[in-house]
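# What the coordinates show
One-letter residues, chain by chain:
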Amino acid sequence: MNLHVLWIRNTVRHLIGLLCLLVAMATLISPVQAYPSGSLGGSTGNTPTTIPAPTSTVPPTTPPTTTPPITTTSPTSPPNSNSASLPFNIPPKPSLNGKLVFAHYFPPYPISIDNANPSSDYYTTQYLAVNGENNNHVRYGGFLRDRPTPRPSLVDAQWRQRDLENEVRQAIAAGIDGFSVDIMSPASDTSWWGSAVPTALIKAAATVDPNFKIMLMPDMNGAFKTTTPGQLAAEMKVYASMPSTFKLGDGRLVVSPFLAENKTASWWSQFISEMTTSYRINVAFVPVFLDAAANRNAFASISYGMSNWGTRNPAGNPVSASNPDSPMALADAVHALGKIWMQPVSFQDSRPIQSIYDESQNSQNLQNTWQIAIASNSEWVQLTTWNDYSEGTSFAPSAGHGLALLDMSAYGLYSFRTGAAPAIVRDTAYLSYRSQLVSAVPINLSSAPMALRPWSSPARDTVEVLTYLTAPAVVNVKVGSTTTTCNAPAGMSSCLAPLKVGSITATVVRGTAEVSRVASHTAVTANPYNQNLEYLVDSSRR
């Protein structure tokens with residue numbers, strides 16, 4: 001697909017998101033507190049961008065990019081799944097409460113696109129390079145700002161399958177129950193960018209762990225926009241009998257379409273009927289809306305549950321206020337209809353191709369969305385997203401945040417999955433920061449500057465040290481030549497410092513002993529080559 005078509009698709013999806021979103025209250029959020037607590041609220045969300053397959057494989061001359069230095073990991077070694085990398089001990093499975101966590105899997109961004117060495121693979125030479133893909137991305141300074149954690153080239157004809165299996169292992173190690181896979185095209189499209197990924201992902205889950213499930217999420221803003229109910233039923237039937245496809249305990253197949261409101265409730269009722277009458281498949285329908293408030297009542301009679309795509313900033317996910325369209329109100333209203341709720345949990349959102357970003361305020365948006373999931377008594381969570389690098393929303397191990405983001409999210413995840421905040425037994429610190437100030441002017445002046453969404457939290461230049469402490473301690477944050485000191489209590493707390501040019505180091509001192517230390521893997525620069533407003537994350541235990 002050429003750039004012109006891609007631009008039209010992205011523009012249409014963005015406009016749909018704008019029409020569906022309500023402007024959130026631009027309120028500043030107080031420092032993070034331990035789970036569970038708070039009275040909660042928020043607003044509606046925005047749409048992901050559908051990205052086509054690579055358009056060329058000819059490596060151009062590559063100007064500098066803002067991607068972090070490349071380090072590689074063994075594709076056969078999953079992340080450390082024991083408790084040593086976390087501030088708490090991972091609860092045993094019998095203590096889990098049955099609530100489920102899925103991560104939205106976006107097929108265009110696998111661990112590797114071409115199985116080449118990371119220094120010259122497609123991500124490096126095409127997606128991260130300013131003039132990659134025949135200069136298609138020059139206007140915004142390159143297609144992506146982050147990429148999956150690079151790996152060496154594999155001597156294995158089934159390297160794509162091995163990569164998917166490794167992603168399943170990564171998700172399991174992070175406490176995730178399954179992937180909600182974005183199904184972007186019909187089964188007749190057997191390319192790796194078509195139906196091959198959902199099929200291969202289901203196979204990978206069955207190979208690694210049959211308990212890891214793949215939820216079917218047909219993308220109703222893609223190829224399925226013009227299908228009939230019967231045609232979509234035929235498409236979903238293909239996956240229904242595959243091992244590891246997500247079904248309820250009573251055998252019902254879960255179908256959870258993204259942008260479900262692109263079709264009427266009557267249309268979906270016909271789809272469900274077709275699944276039953278033509279294929280003898282009973283469906284548990286869980287629509288994902290951009291605007292759940294406007295659609296929940298119309299869809300209630302045909303739905304097992306509902307979800308919203310959600311916003312990616314604290315003002316849109318407040319924990320101290322509520323309104324009729326807030327996240328808490330949405331969950332309450334759907335529960336009042338007798339349906340389950342799948343709460344979106346997110347970290348950040350930054351889109352060079354659309355020249356927009358949300359201000360997530362370091363980890364604040366992540367903490368807010370986990371707290372909403374807990375306080376709203378949501379039955380399921382969807383991490384939005386596992387690997388959509390074009391929107392900067394990925395949780396998956398990456399060059400920009402390694403495994404640290406999944407680790408930082410784990411406290412909220414296990415609080416949700418057990419109903420109680422885990423006991424902190426290891427002093428741990430997470431560092432989040434940007435590699436440049438919001439106002440920094442990039443050397444690459446062709447890069448279209450990203451603008452803050454009007455409904456976002458205010459932009460800010462801060463370094464955050466999120467600490468999980470067994471006892472009170474002093475946090476010292478050195479940013480360049482400036483040091484900020486915070487008195488941190490036991491438990492979870494946040495220490496903020498001004499973002500400055502230079503390296504960042506944080507130490508946690510109790511009495512005369514240093515009990516934790518974390519440093520930035522990238523220095524803050526005054527003269528970035530490209531604008532990059534994604535937050536980076538580092539852990540004291542990695």
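Here the structure is a predicted model, which means the values were calculated and not measured.

### Looking at the overall build of the protein
Assigned secondary structure in the protein consists of 11 helices and 20 strands. Relative to all contacts within the protein whose residues are 6 or more apart in sequence, the contacts with residues 24 or more apart total 79%. Surface summary for the protein: the accessible area is close to 18,400 Å², and the carbon and sulfur share equals 55%.

### Focus on the sheet that holds strand β18 (residues 504-510)
Pairing is antiparallel across the open sheet formed by four strands, whose spatial order is β16-β15-β18-β19. Whereas interior strands pair on both sides, the edge strands pair on one side only; in this sheet they are β16 (482-488) and β19 (513-519). Within this sheet the neighbouring strands show an average axis-to-axis angle of 20 degrees, counted without direction. Both strand β15 (residues 473-479) and β18 contribute to a ladder of six bridges, which runs antiparallel. By the bridge assignment, Val475 is partnered in β18 with Val508.

### Concerning the state of the cysteines
Applying the stated criterion across every chain yields a total of one disulfide. Cys486 shares a disulfide with Cys495; S-S distance 2.1 Å. Between Cys486 and Cys495 the sulfur-sulfur dihedral comes to about 70 degrees; the bridge is accordingly right-handed. Residue Cys486 shares its accessibility class with Cys495, and that shared class is buried.

### Some thoughts on the side chain of Gln343
Relative to the helices and strands, Gln343 resides in strand β8 (residues 340-345). Of the polar contacts made by the side chain of Gln343, one reaches the side chain of Trp341; its length is 3.0 Å. Dropping the residues within four chain positions of it, Gln343 is found in contact with Pro327, Thr369, Ile372, Ala373, Ser378, Trp380, Val381 and Gln382.

### Focus: the side chain of Arg417
The topology assignment puts Arg417 in helix α11 (residues 404-418). Taking relative accessible area as the criterion, Arg417 reaches 9% and is therefore assigned buried. Discounting residues that sit within four places of it in the chain, Arg417 has contacts with Ser95, Leu96, Asn97, Lys99, Val101, Gly175 and Asp177.

### Quick word on the nonpolar core
Counting residues in hydrophobic clusters, the biggest one holds 94 residues, and the most contacted among them are Ile176, Phe179, Trp268, Phe271, Trp370, Leu383 and Trp386. No other element matches α11, which puts nine residues into this core. With sequence-adjacent residues up to four places away left out, Leu383 is seen in contact with Val101, Phe102, Ala103, His104, Ile176, Val345, Trp370 and Phe395. Core analysis: the next-biggest nonpolar cluster, separate from the first, contains 21 residues, Tyr433, Ala488, Ile504 and Val518 among them.

### What to know about the pairing of strand β20 (residues 536-539)
By the alternation rule, side chains of β20 split into Leu536 and Asp538 and Val537 and Ser539, which are all buried. Examined bridge by bridge, strand β12 (residues 428-433) and β20 share four bridges and lie antiparallel to one another. Paired with Ser432 across the strands is Val537, a residue of β20.

### Some details on the pattern of salt bridges
Within the structure shown, the criterion is met by 16 salt bridges. Notably, a salt bridge pairs Glu165 with Arg162, separated by 3.0 Å at the nearest N-O pair. You can see Glu165 and its partner Arg162 sitting in helix α4 (residues 159-173), three residues apart, about one turn around the helix. Notably, a salt bridge pairs Arg351 with Glu391, separated by 3.4 Å at the nearest N-O pair. Taken as a pair, Arg351 in strand β9 (residues 350-351) and Glu391 in the loop between β11 (380-383) and α11 lie far apart in primary sequence, 40 residues in all. In this structure, Arg351 and Glu391 share a single accessibility class: buried.

### A few points about the packing of aromatic side chains
According to the stated counting rule, one finds 24 aromatic pairs in the structure shown. Here the aromatic rings of Tyr109 and Tyr389 are separated by 6.2 Å at their centres, their planes lie at 90 degrees, and the arrangement is edge-to-face. In this pair, Tyr109 is assigned in the loop between β1 (100-105) and α2 (122-127) and Tyr389 in the loop between β11 and α11, connecting sequence segments 280 residues apart. Members of the aromatic cluster, joined through ring pairs, are Phe106, Tyr109, Tyr122, Tyr123, Tyr127, Phe143 and Tyr389.

### Things to note about α11
Helix length check: α11, at 15 residues, gives a terminal C-alpha distance of 22 Å against a target of 21 Å (1.5 Å per residue), a fit within 8%. The principal kink in α11, of about 40 degrees, is found at Ala410. With 14 of 15 residues buried, α11 lies mostly within the body of the structure. Just downstream of α11 lies Gly419, where phi reads positive at about 85 degrees.

### Section: the packing of helix α10 (residues 364-375) against α11
Taken N-terminus to C-terminus, the directions of α10 and α11 make an angle of 15 degrees; their axes are 9 Å apart at the nearest point. Taken as axis vectors, α10 and α11 run roughly parallel relative to one another. Here the hand of the crossing between α10 and α11 comes out right-handed. Where α10 abuts α11, its residues Leu366, Gln367, Trp370, Ala373 and Ile374 lie against Leu405, Met408, Ser409, Gly412, Leu413, Ser415 and Phe416. A class-by-class count of the residues in the contact of α10 with α11 yields eight nonpolar, four polar and no charged.

### Here we look at the sheet that holds strand β17 (residues 491-498)
Here we have four strands laid out as an open sheet, ordered β17-β14-β12-β20, and antiparallel in their pairing. Each of the sheet's edge strands pairs with one partner strand only, and the pair in question is β17 and β20. Between one strand and the next, the sheet's axes are offset by a mean angle of 20 degrees, whatever the strand orientation. Two elements, strand β14 (residues 462-469) and β17, share eight bridges in a ladder whose sense is antiparallel. Paired with Tyr468 across the two strands is Met492, which belongs to β17. Docked against the sheet, α11 engages β12, β14, β17 and β20, running at close to 75 degrees with respect to β20.

### Digging into the confidence of the model for the protein
Residues with a pLDDT of 70 or more make up 84% of the protein, whose mean pLDDT is 87. The low-confidence segment residues 1-34 (pLDDT under 50) makes 79 contacts with residues lying over four places distant or belonging to another chain. Contacts of residues 36-81 to residues separated by more than four positions or lying in other chains number 181 contacts, the stretch itself having pLDDT below 50.

The rules behind the values
Residues numbered from 1 in each chain as written. Predicted model: local features only at pLDDT ≥ 70, side-chain atom pairs only at ≥ 80, totals over all residues. Heavy atoms only, no water. Helix = DSSP H or I, 4+ residues; strand = E, 2+ residues; numbered from the N terminus. Contact = heavy atoms within 4.5 Å. Areas by Shrake-Rupley, 256 points an atom, 1.4 Å probe, with all protein chains shown as cover. Pairing = 2+ DSSP bridges. Axes fitted to C-alpha atoms, helices over the stretch in contact; angles between N-to-C directions. Disulfide = S-S within 2.5 Å. Buried < 20%, exposed > 50% of the residue type's maximum accessible area, 1.4 Å probe, protein only. Polar contact = N/O pair within 3.5 Å; in protein donor to acceptor, adjacent residues only side chain to side chain. Core = buried A, V, L, I, M, F, W, Y, C linked by side-chain atoms within 4.5 Å. Salt bridge = Lys/Arg side-chain N within 4 Å of Asp/Glu carboxyl O. Phe/Tyr/Trp six-rings, centres within 6.5 Å; stacked < 30°, edge-to-face > 60°. Expected span 1.5 Å × (residues − 1). Bend = angle between axes of the 7 residues up to and from the residue. Parallel < 35°, antiparallel > 145°, perpendicular 65-115°, else oblique. Left-handed = near helix turned anticlockwise from the far one by under 90°. Nonpolar A, V, L, I, M, F, W, Y, C, P; charged D, E, K, R; others polar. pLDDT = per-residue confidence, 0-100.

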